[in-house]
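# Results of the structural survey
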Amino acid sequence: MENRDESFEGERVDSVLSLILQGLKIAYAITDRELKVVEANGELGLMCSDGRMKFQPGQSLLDLIPELIGNEEVLTELLAGERGSYELSHVNRDMTAEQVCYLALKIVPVRDRIGRITGLLHLAQDVTDTSSVFQQLVQQRNEEHLWRKL
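Below you will find a few notes about this structure. (Residues numbered from 1 in each chain as written. Predicted model: local features only at pLDDT ≥ 70, side-chain atom pairs only at ≥ 80, totals over all residues. Heavy atoms only, no water.)

### Focus on the overall build of the chain
Across its full length, the chain carries 4 helices and 5 strands. The linear arrangement of helices and strands in the chain, starting from the amino end, is α-β-β-α-α-β-β-β-α. Within the chain, buried positions represent 33% of all 150 residues. With an accessible surface of roughly 10100 Å², the chain has 51% of that area assigned to carbon and sulfur atoms. (Helix = DSSP H or I, 4+ residues; strand = E, 2+ residues; numbered from the N terminus. Buried < 20%, exposed > 50% of the residue type's maximum accessible area, 1.4 Å probe, protein only. Areas by Shrake-Rupley, 256 points an atom, 1.4 Å probe, with all protein chains shown as cover.)

### Quick word on the environment of Gln 22
Here Gln 22 lies in helix H1 (residues 2-23). With 19 residues separating them along the chain, Gln 22 and Asn 41 place their C-alpha atoms 9.6 Å apart.

### Points about unusual backbone geometry
With a phi close to 65°, Leu 35 is a non-glycine residue in the positive phi region. Of note, Leu 35 is situated in the loop between strand E1 (26-32) and strand E2 (37-42). A relative accessible area of 12% places Leu 35 in the buried class. Of note in the backbone geometry, His 90 takes a positive phi value of approximately 55° without being a glycine.

### Overview of the side chain of Asp 126
Mapped onto the fold, Asp 126 is located in strand E5 (residues 117-126). Lacking a salt bridge, the buried Asp 126 has Lys 25 as its closest oppositely charged neighbour, with an N-O distance of 4.4 Å. Side chain to side chain, Asp 126 and Thr 128 meet in a polar contact 2.5 Å long. (Lys, Arg positive; Asp, Glu negative; His and termini not counted. Salt bridge = Lys/Arg side-chain N within 4 Å of Asp/Glu carboxyl O. Polar contact = N/O pair within 3.5 Å; in protein donor to acceptor, adjacent residues only side chain to side chain.)

### Notes on the side chain of His 122
Within the secondary structure, His 122 sits in strand E5. Reaching out from His 122, the side chain makes a polar contact with the side chain of Thr 31 at a distance of 3.3 Å.

### What to know about the environment of Leu 105
One can find Leu 105 in strand E4 (residues 100-111). Residues Leu 105 and Ile 26, spaced 79 residues apart in sequence, show a C-alpha to C-alpha distance of 9.8 Å. For Leu 105, the residues in contact, after removing those within four places along its chain, are Ile 65, Tyr 86, Glu 87, Leu 88, Val 91, Leu 123 and Ala 124. (Contact = heavy atoms within 4.5 Å.)

### Notes on the pattern of salt bridges
Across all of its chains, the model carries 3 salt bridges by this definition. Between Glu 87 and Lys 106 there is a salt bridge; the shortest N-O distance is 3.6 Å. Of this pair, Glu 87 sits in strand E3 (residues 86-94) while Lys 106 sits in strand E4; the two residues are 19 residues apart in sequence, bridging distant segments of the chain. Classification of Glu 87 as partly exposed rests on a relative accessible area of 48%.

### Observations concerning a nonpolar patch on the surface
Nonpolar side chains collect at one region of the surface, where Val 16, Ile 20 and Leu 24 lie side by side and expose about 250 Å² of accessible area between them. Mapping Ile 20 onto the fold places it in helix H1. (Patch = residues over 30% accessible without salt bridge, like charges linked within 9 Å, V, L, I, M, F, W, Y side chains within 5 Å.)

In short, geometric facts, not functional conclusions.
So this is what it looks like as structure tokens:
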């Protein structure tokens, strides 16, 4: 009976986690030290470079999130414990021909019980609503600036 209760609790936690990730429009992927994805959950379409569900376990993180190409040194620093986290803001993705999505990406080291870094946790959150408002404000400010010069 105890195993059944533990199994039920585990399923409940997974269900609640999925609801939270879906509600907040967040996806996560955990990689090993070679940047191969070992676990992922949430809105996985956010992680895929073209917005389509193409995630596969063992996939290279750089294939999944091409915005990280050129940032390999930062990823190495994270894996070495020389950096606590890394963030990219307002990353835009073409989800469909008509829909653009803006993401906030954050990466932090994952440690085992004795503190060794075993990989990286990659978070992607859809911040389209906030980014759209921000872009509109910048556009309005720029237009006002141009009108003042006339």
